[in-house]
Amino acid sequence: MSRNDADAESDGDHLLKVLGALNNPHRLRIVAALTHDRNYVSRLARETGISRPLLHMHLQRLEAAGLVTSTLELSDDGKAMRFYEVTPFVYQLTPDSIALATETLSRSGQREETR
């Protein structure tokens, strides 16, 4: 299912996924590290000081939220390397945009409210 930018911003479930993905200092550092250039996992792990298994988990969360994308490429010596880069994004949070987003929340997106 594809969405244009206006649909994505008004989709409450997507907004929760994005905010959840950014609600972690490691993931914020990863986005910052990828802001100017794409990077492969091993080098990104060294530059951020995050272990590769933990980095993979955070990258998966960022990718699921649509904040980063990855491509698998072969190096000159035939080694598979996964490169990540930031997907350009802009989210404007205002009381009105939050109100609009709540109108599109699914039941699963509302479960936190009932706890």
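Labelled according to an unreviewed UniProt entry, the protein appears under the name Winged helix-turn-helix transcriptional regulator, originating from Streptomyces sedi.

Attention now goes to the environment of Leu59. Locating Leu59 in the fold gives a position in helix H5 (residues 52-64). Once you skip the residues sitting within four places of it in the chain, Leu59 turns out to touch Ile30, Leu34, Val41, Leu44, Val68 and Tyr84.

Ile30, Leu34, Leu55, Leu59 and Leu62 are the most contacted members of the largest nonpolar core, which has 16 residues in total. Listing elements by their share of this core, those giving two or more residues are helix H2 (12-22), helix H3 (25-34), helix H4 (41-48) and H5. Residues within four places of Leu34 in sequence aside, it is in contact with Asn39, Leu44, Leu59, Val68, Tyr84, Glu85 and Val86.

Okay, a nonpolar patch on the surface next. A contiguous nonpolar surface patch, about 250 Å² in accessible area, is contributed by Leu19, Leu93 and Ile98. On the secondary structure map, Ile98 appears in helix H6 (residues 95-102). Looking at Ile98, the relative accessible area reads 41%, which means it is partly exposed.

Parameters and conventions
Residues numbered from 1 in each chain as written. Predicted model: local features only at pLDDT ≥ 70, side-chain atom pairs only at ≥ 80, totals over all residues. Heavy atoms only, no water. Helix = DSSP H or I, 4+ residues; strand = E, 2+ residues; numbered from the N terminus. Contact = heavy atoms within 4.5 Å. Core = buried A, V, L, I, M, F, W, Y, C linked by side-chain atoms within 4.5 Å. Buried < 20%, exposed > 50% of the residue type's maximum accessible area, 1.4 Å probe, protein only. Patch = residues over 30% accessible without salt bridge, like charges linked within 9 Å, V, L, I, M, F, W, Y side chains within 5 Å. Areas by Shrake-Rupley, 256 points an atom, 1.4 Å probe, with all protein chains shown as cover. Salt bridge = Lys/Arg side-chain N within 4 Å of Asp/Glu carboxyl O.

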